[in-house]
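# Overview (structure and organization)
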Amino acid sequence: MWHDDQQGTASVVLAGLINALKIVGKKLSEVKIALIGAGAANIKIADVLELTGAKPGNILMVDSKGILSPEKKDIIEKENDPWKWKWALKSNAEGKKGGIPEALEGADVCIAMSRPGPGVKRKSG
């Protein structure tokens, strides 16, 4: 069974990322990755990145309420969402808090699969 919204998207993102990292001379196991959005596509992208060498602790996933972590109250209330809860537990080794701007600080890679529309990522600075 192949789920094109998840595995297909994750495969294409992985291929692009592998090539981009070759160009800049970085390894997947070393980069910090900000995933903007915590829906089905980014959850599967995170799974595939981990399977191919990314360190889960170097991944920051941001949902509409901020960076995932086991301390986030809205995540604790949603322990019945096993995929999001799994990434809340194993990502964000530094324990960063905040939203998109904080997730992007120090990130080598940004992958955005969030809700569409203006104002999702605001111009900084």
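What comes next concerns the included structure. (Residues numbered from 1 in each chain as written. Predicted model: local features only at pLDDT ≥ 70, side-chain atom pairs only at ≥ 80, totals over all residues. Heavy atoms only, no water.)

### Some thoughts on the overall build of the protein chain
Filter applied, for reference: Here a helix means four or more residues in a row that DSSP labels H or I, a strand means two or more in a row labelled E, and each is numbered from the N terminus. Only heavy atoms enter the contact rule, under which two residues are in contact if any of them lie within 4.5 Å. Each accessible area is a Shrake-Rupley estimate made with a 1.4 Å probe; only the visible protein chains count as cover when residues are assessed.
Within the protein chain, the secondary structure is distributed over 5 helices and 4 strands. In the protein chain, once contacts between residues fewer than 6 apart in sequence are set aside, the share between residues at least 24 apart is 67%. Element-wise, carbon and sulfur atoms account for 57% of the exposed surface of the protein chain, whose accessible area totals about 7400 Å².

### Remarks on the packing of aromatic side chains
In plain terms, the rule: Each pair of aromatic rings taken from Phe, Tyr and Trp, with Trp reduced to its six-membered ring, is defined by centres within 6.5 Å and is described as stacked if the planes are under 30 degrees apart, edge-to-face if over 60, and tilted in the remaining cases. The rule is short: NZ of Lys or CZ of Arg within 6 Å of the ring centre and within 35 degrees of the ring normal puts a charge over the ring.
Overall, the coordinates contain 0 aromatic pairs when judged by the stated rule. Above the ring of Trp-87, the side-chain terminus of Lys-90 is found at 4.6 Å from the ring centroid.

### Here's the deal with the nonpolar core
Put simply, the test is: Only buried residues count toward a nonpolar core, which is a set of Ala, Val, Leu, Ile, Met, Phe, Trp, Tyr and Cys residues joined through side-chain atoms within 4.5 Å. Exposure categories follow from relative accessible area, calculated using a 1.4 Å probe and restricted to protein chains: below 20% of the type maximum is buried, above 50% is exposed, and the middle band is partly exposed.
Ranked by size, the top nonpolar core spans 25 residues in total, and within it Leu-28, Ile-33, Leu-35, Leu-49, Met-61 and Ile-111 carry the most contacts. Where this core is concerned, the elements lending two or more residues are helix H1 (4-24), strand E1 (33-36), helix H2 (40-51), strand E2 (59-63), helix H4 (82-90) and strand E4 (109-112). By size, the runner-up hydrophobic cluster in this structure holds 7 residues, among which are Ile-36, Leu-60, Ile-67 and Ala-103.

### Things to note about H4
The line we're drawing: Taken from the helix axis, the directions to the C-beta atoms give the arc we talk about.
If you check which residues of H4 are buried, you get Lys-84, Trp-85, Trp-87 and Ala-88. Take H4 and look down its axis: the buried residues cluster within an arc of 165°, on one side only. Where H4 terminates, the next one or two residues include Asn-92, which has phi positive at roughly 60°.

### Description of unusual backbone geometry
Although it is not a glycine, Asn-92 sits at a positive phi angle of roughly 60°. Relative to the assigned elements, Asn-92 resides in the loop between H4 and helix H5 (100-104). For Asn-92, a relative accessible area of 6% corresponds to the buried category.

### Here's the deal with the side chain of Asn-92
Definition in use: Polar contacts here mean pairs of N or O atoms no more than 3.5 Å apart (in protein, one a potential hydrogen donor and the other a potential acceptor; neighbouring residues in sequence count only if both atoms are side-chain atoms).
A distance of 3.3 Å separates a polar atom in the side chain of Asn-92 from the backbone oxygen of Leu-68. When near neighbours in sequence (up to four residues on either side) are disregarded, Asn-92 contacts Pro-56, Gly-57, Ile-59, Leu-60, Ile-67, Leu-68 and Ser-69.

### So, H2
Defined as follows: Multiplying 1.5 Å by the residue count of a helix minus one yields the expected span of that helix.
With 12 residues, H2 extends 17 Å between its outermost C-alpha atoms, agreeing within 8% with the 16 Å of an ideal straight helix rising 1.5 Å per residue. Listed in full, the buried residues belonging to H2 are Ala-41, Asn-42, Ile-43, Ile-45, Ala-46, Asp-47, Val-48 and Leu-49. Gly-53 occupies a position one or two residues after H2 and carries a positive phi of about 120°.

### Description of the packing of H2 against H4
Using the following cut-off: Every axis corresponds to a line fitted to the C-alpha atoms, with the helix fit spanning only the stretch in contact, and the corresponding angles, defined between N-to-C directions, vary from 0 to 180 degrees. Angle categories are assigned with fixed cut-offs, so that under 35 degrees is roughly parallel, over 145 is roughly antiparallel, 65 to 115 is roughly perpendicular, and the rest are oblique. Less than a right angle of anticlockwise turn of the near helix away from the far helix marks a crossing as left-handed, whereas a clockwise turn marks it as right-handed.
Running from amino to carboxyl end, H2 crosses H4 at an angle of 50°, the nearest separation of the two axes being 10 Å. Considering their axes alone, H2 and H4 lie oblique with respect to each other. As for how H2 packs across H4, the hand of that crossing is left-handed. Note on element contacts: H4 touches H2 through Trp-83, Lys-84, Lys-86, Trp-87 and Lys-90, opposite Ile-43, Ala-46, Asp-47 and Glu-50.

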